[in-house]
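The lines below spell out each chain.
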Amino acid sequence: MQILSQILFVAALGLAAYFISRRVILIKSTIQLGRAEDRSDDPSERLKTMLLIAFGQKKMFNRPIVGFMHFIIYAGFIIINIEVLEIMIDGVFGTHRIFAEPLGGFYNFLINFFEILALGVLAVCVVFLIRRNVTKVQRFQESRHREMKGWATKDANIILITEILLMWAFLSMNAVDTILQDRGVGHYAEAVTGNFWISQFLQPIFINLSDSALVTYERAAWWFHILGIMAFATYVTYSKHLHIFLAFPNTYFSNLKAKGEMANMPTVTKEVKIMLGLDEADANPAEVGRFGAKDVKDLSWKNLMDAYSCTECGRCTSSCPANITGKQLSPRKIMMDTRDRLEDIQKGWLASDKKNTIADFDDGKTLLGDYISEEEILACTTCNACVQECPINISPLDIILQLRRYKVMEEAQAPASWNGMFSNLENNMAPWKFSPADRFNWVDGLK
């Protein structure tokens, strides 16, 4: 029976590894649909940014209470999963609490620490569920933000409920295990740890059960805990909670330039320099590509990584002046739409004959038009509030600017007020309809 259990465990582990690795490879290929962009400069500054923003959760604490609760979940996820190492070894080799004897008293300290974190994670997940579904925090509500309709809300609830169940399985498993130790049942008596700080309070729930019932529950909780973690790890690759992993590379490859600096298009910059006599035209000029972006393949790989890293927390949208004043723009929706477009490309390619690579797949749709509307991108004031607020340095603004450039420069479709501004910039070197010679006439009124 023990051999069968080990075989089933190894099979489950291998199956989870297969599905996760396949999904990771597909996501990597999808991100690589974006155009090349060099983000390898200043590695020390990039490492510092990653440690502060992703590892240290710096920007989460801009809202201290929620930041602290998120940190508990984050720390619990990182630290409690150290315990998974023991479960995996026990599962493969058929042992039970293999680290208990060699670590001695330190083992009890670790499990006690894990239990405190598990209780914290469980409590915070309950609070987050209440915030989303009872008190109804505004930025999570479907009625206010259309991007939160359907799957986005369900996804968040599924993750929170799953984490609660996993923490309960961990704590109740420990409670039953220590009862079986006290009763001297089977191999449980070989790893005598004594009661743990949190799970001891759950013992009254199980104390009247028979030995066989306790063993059955302990094994069921053990299997649920480890299989739940495997399933969770697989599910995350389809969920917004992929940011658990992508937050680290995403912050490492952050834009290190000042937030107010907008990247110029090299081809346009060169033409301007040629007009001003600051550069010379190439003898064999390269073919000019598309101005701006119409679809995800026109965006950079970093823009696409941003989309997969988005936590859907809505801090960007709740700080967006355009959204606050009732306009269609929602920076969170821009990121979610970009990811939806990437996922649709994946699904279409997987459903096709796959004779061509995913980069060659074309379903006739585009990001601009089929997913993101002209009204949304024109509402943006380029204030950078969304970039400033994002906990993991995502830039919805960069995507908006590239989509807007395509609309104006490729399709020549800009609002009349913009055309007037462009004309004034060209003729008067300022957005206003005044001759450069008259620019300081306002000073006369101060004399």
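Everything numeric here is computed off the predicted structure, so don't read it as measured data.

S.K.: Explain a nonpolar patch on the surface here, please?
M.R.: Residues Leu103, Phe106, Phe109, Phe113, Ile116 and Trp197 make up a contiguous nonpolar surface patch of roughly 570 Å² in combined accessible area. At four residues, helix α6 (residues 105–133) tops the list of elements feeding residues into the nonpolar patch. Along the chain, Trp197 falls in the loop between α7 (151–183) and α8 (203–206).

S.K.: Sorry if this is basic, but what is going on with the side chain of Ser239 here?
M.R.: Position of Ser239 among the secondary structure elements: in the loop between α9 (211–236) and α10 (243–252). A distance of 3.0 Å separates a polar atom in the side chain of Ser239 from the backbone nitrogen of His241. Leaving out residues up to four positions away in the same chain, Ser239 has contacts with Asp155 and Ile159.

S.K.: Would you explain the packing of aromatic side chains in this entry?
M.R.: In this description, an aromatic ring pair is defined by two values, namely the gap between the centres and the angle between the planes. In total, this model carries 15 aromatic pairs according to the counting rule given. Geometrically, the ring pair formed by Phe206 and Tyr217 is tilted, given 4.8 Å between the ring centres and 45 degrees between the ring planes. Of this pair, Phe206 sits in helix α8 while Tyr217 sits in helix α9, and the two are 11 residues apart along the sequence. Judged by centre distance (5.2 Å) and plane angle (85 degrees), the rings of Phe253 and Trp301 are edge-to-face. With a gap of 48 residues between them, Phe253 in the loop between α10 and α11 (266–275) and Trp301 in helix α12 (residues 301–309) connect regions that are remote in the sequence. By relative accessible area, which is 17% here, Trp301 ends up buried. Members of the aromatic cluster, each reached through a chain of ring pairs, are Phe55, Phe61, Phe71 and Tyr74. A cation sits over an aromatic face here: Arg132 above Phe140, 4.0 Å from the ring centre. The ring of Trp222 carries Arg219 above its face, with NZ or CZ at 4.7 Å from the centroid.

S.K.: Looking at this model, I keep getting lost on helix α19 (residues 396–410). Mind explaining?
M.R.: Because an α-helix completes one turn every 3.6 residues, residues spaced three or four positions apart along the sequence face the same direction. The end-to-end C-alpha distance of α19 is 21 Å, a good match for the 21 Å that 15 residues give at a rise of 1.5 Å each. Within the span of α19, buried status applies to Pro396, Leu397, Ile399, Ile400, Leu401, Gln402, Leu403, Arg404, Tyr406 and Lys407. On the buried face of α19, the contacting elements are α12, α15 (331–351), α16 (367–370), α17 (374–378), α18 (385–389) and α20 (416–428). Ala412 occupies a position one or two residues after α19 and carries a positive phi of about 55 degrees.

S.K.: Quick question: what am I supposed to make of the pattern of salt bridges here?
M.R.: Between side chains of opposite charge, a pair can form as their charged atoms come close. Following the criterion strictly, the structure yields 20 salt bridges and no others. With a shortest N-O distance of 2.8 Å, Asp41 and Arg46 are connected by a salt bridge. Residue class for Asp41 comes out partly exposed when judged on its relative accessible area of 41%. Take Arg46: its relative accessible area is 2%, and that puts it in the buried class. Across the pair Arg63 and Glu389 runs a salt bridge whose closest N-O atoms are separated by 3.8 Å. In this pair, Arg63 sits in the loop between α2 (43–55) and α3 (64–80) while Glu389 sits in helix α18, placing the two residues 326 residues apart along the sequence. A residue is classified by how much of its surface remains accessible, and Arg63, at 25% relative accessible area, is partly exposed. Where salt bridges share partners, they join Arg146, Lys333, Asp337 and Glu376 into one cluster.

S.K.: Whenever I open this one, the nonpolar core confuses me. Can you help?
M.R.: The nonpolar side chains of a soluble globular protein tend to be buried with one another. Counting residues in each nonpolar core, the largest one holds 51 residues, and the members touching the most others are Leu329 and Leu403. Here the element with the most residues in this core is α19; it accounts for six residues. Ignoring anything within four residues of it in the chain, the contact list for Leu403 reads Ala293, Lys294, Leu367, Leu368, Ile372 and Ile377.

S.K.: Teacher, can you tell me more about the environment of Ala231 here?
M.R.: Of note, Ala231 is situated in helix α9. By relative accessible area, which is 45% here, Ala231 ends up partly exposed. Placed 138 residues apart in sequence, Ala231 and Phe93 show a C-alpha to C-alpha distance of 21 Å.

Procedures and definitions
Residues numbered from 1 in each chain as written. Predicted model: local features only at pLDDT ≥ 70, side-chain atom pairs only at ≥ 80, totals over all residues. Heavy atoms only, no water. Patch = residues over 30% accessible without salt bridge, like charges linked within 9 Å, V, L, I, M, F, W, Y side chains within 5 Å. Areas by Shrake-Rupley, 256 points an atom, 1.4 Å probe, with all protein chains shown as cover. Salt bridge = Lys/Arg side-chain N within 4 Å of Asp/Glu carboxyl O. Helix = DSSP H or I, 4+ residues; strand = E, 2+ residues; numbered from the N terminus. Polar contact = N/O pair within 3.5 Å; in protein donor to acceptor, adjacent residues only side chain to side chain. Contact = heavy atoms within 4.5 Å. Phe/Tyr/Trp six-rings, centres within 6.5 Å; stacked < 30°, edge-to-face > 60°. Buried < 20%, exposed > 50% of the residue type's maximum accessible area, 1.4 Å probe, protein only. Lys NZ or Arg CZ within 6 Å of the ring centre and 35° of its normal. Expected span 1.5 Å × (residues − 1). Core = buried A, V, L, I, M, F, W, Y, C linked by side-chain atoms within 4.5 Å.

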